[in-house]
Amino acid sequence: MNTKMGLLGIALTMPWVVAAGCDRSRAPAERPAAAGELPPAYTFNQINDPALRQVAEEIKTWASQQKGSGTRPLYSRVEVLPPARIVQPYGVGVFQQELRLPVILTIGPGWSALKAGEKESAVAGAFNELSRRLQAMERQPAPRPTLTVQTPQGMELSWINRLDASGKNVHGDE
């Protein structure tokens, strides 16, 4: 008999327990943060330094304003990637690390009208402009640029860590 009374007691109290659990007036004290409110979990693909972020924006603006023949843009796309440490060979068995700011310029409609010498000049000028802007940050050591110039299909025309003394920096665009 006690078992039947126990089951009956549970059956009679269940609706009250369920109803109390569904009470919406007792909202949790904190709501979960929305996706836009949370800080990024992985920042390897972002420029976190405000001064470097400003330089990156200036580089994008400068490159997008470059014109080829007439008013046709020289570059159709400008990408400034987060800084990366690269290892340069420096002697036998010794390596030197450098902080680099990778910049990718995708050629635009104004590129094809340039002569070979003008293309070399444009690429060397872009590398020098990047170097100048990074040196102006007054960081020790200042990040150095790595410039890649490519076609819209992704074919690399130039990849520069240092300007070639011969003046030949553009390859594959004959």
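In the block above lies the structure referred to throughout.
Keep in mind it's a predicted model, so treat the numbers as computed, not measured.

## Topic: the nonpolar core
Then, in step 1: Counting 29 residues, the largest nonpolar core has Tyr75, Leu105, Trp111, Leu147 and Val149 as its most contacted members.
Then, in step 2: Among the secondary structure elements, those contributing two or more residues to this core are helix H2 (50-64), strand E1 (75-80), strand E3 (95-107), helix H3 (116-135), strand E4 (144-150) and strand E5 (156-160).
Then, in step 3: When near neighbours in sequence (up to four residues on either side) are disregarded, Leu105 contacts Ala63, Tyr75, Arg77, Val78, Ala126, Leu147, Thr148, Val149 and Gln150.

## Things to note about the packing of H2 against H3
Between two packed helices, both the angle of their axes relative to each other and the distance between the axes serve to describe the pair.
Then, in step 1: It is the contact of H2 with H3, at a shortest axis distance of 10 Å, that shows an interaxial angle of 155°. The orientation of H2 with respect to H3, classified from their angle, is roughly antiparallel. As for the relative orientation of H2 and H3, their crossing is right-handed in sense. In this structure, H2 uses Leu52, Val55, Glu58, Ile59 and Trp62 to contact H3, whose residues at the interface are Gly125, Ala126, Glu129, Leu130, Arg133 and Leu134.
Then, in step 2: Each residue belonging to the contact of H2 with H3 can be placed in one class, and the counts come to seven nonpolar, one polar and three charged.

## Some remarks on the environment of Pro102
Then, in step 1: With respect to the helices, strands and loops of the structure, Pro102 is situated in strand E3.
Then, in step 2: Taking the C-alpha atoms as reference points, Pro102 and Arg144, separated by 42 residues in sequence, lie 8.7 Å from one another.
Then, in step 3: In contact with Pro102, not counting residues within four places along its chain, are Glu79, Val80, Leu81, Pro82, Pro83, Ala84 and Thr146.

## Some points on H3
Then, in step 1: Across its 20 residues, H3 extends 29 Å between first and last C-alpha, which sits within 8% of the 28 Å expected from 1.5 Å per residue.
Then, in step 2: Among all positions in H3, only Lys119, Glu120, Ala122, Val123, Ala124, Ala126, Phe127, Glu129, Leu130, Ser131, Arg133 and Leu134 are buried.

## Points about the packing of aromatic side chains
Then, in step 1: All told, the structure shown has one aromatic pair when counted by the stated rule.
Then, in step 2: When the ring of Tyr75 is compared with that of Trp111, the centres are 6.4 Å apart and the planes differ by 40°; the resulting orientation is tilted. Remark: Trp111 occurs in the loop between E3 and H3 and Tyr75 occurs in strand E1; sequence separation between them is 36 residues. Comparing Tyr75 with Trp111 shows no difference in burial state: the two are buried.

## Let's talk about the pairing of E4
Then, in step 1: Taken across its seven residues, E4 has six buried, putting it largely inside the fold.
Then, in step 2: Note: E4 against E5, four bridges, orientation antiparallel. Within the sheet, the bridge partner assigned to Leu147 lies in E5 and is Ile160.
Then, in step 3: Where E4 hands over to E5, the hairpin turn is made up of five residues, of which Gly154 adopts a positive phi near 100°.

## Some details on H2
Then, in step 1: The terminal C-alpha atoms of H2, which comprises 15 residues, lie 21 Å apart, in line with the 21 Å expected from a rise of 1.5 Å per residue.
Then, in step 2: Leu52, Val55, Ala56, Ile59, Trp62 and Ala63 are the residues of H2 that are buried. Along H2, the residues classed as buried sweep out an arc of 125° about the axis, all on the same side.
Then, in step 3: The backbone nitrogen of Ala51 lies 3.2 Å from a side-chain oxygen of the residue at the head of H2, namely Asp49.

Cut-offs and rules
Residues numbered from 1 in each chain as written. Predicted model: local features only at pLDDT ≥ 70, side-chain atom pairs only at ≥ 80, totals over all residues. Heavy atoms only, no water. Core = buried A, V, L, I, M, F, W, Y, C linked by side-chain atoms within 4.5 Å. Buried < 20%, exposed > 50% of the residue type's maximum accessible area, 1.4 Å probe, protein only. Helix = DSSP H or I, 4+ residues; strand = E, 2+ residues; numbered from the N terminus. Contact = heavy atoms within 4.5 Å. Axes fitted to C-alpha atoms, helices over the stretch in contact; angles between N-to-C directions. Parallel < 35°, antiparallel > 145°, perpendicular 65-115°, else oblique. Left-handed = near helix turned anticlockwise from the far one by under 90°. Nonpolar A, V, L, I, M, F, W, Y, C, P; charged D, E, K, R; others polar. Expected span 1.5 Å × (residues − 1). Phe/Tyr/Trp six-rings, centres within 6.5 Å; stacked < 30°, edge-to-face > 60°. Pairing = 2+ DSSP bridges. Arc of directions from axis to C-beta. Polar contact = N/O pair within 3.5 Å; in protein donor to acceptor, adjacent residues only side chain to side chain.

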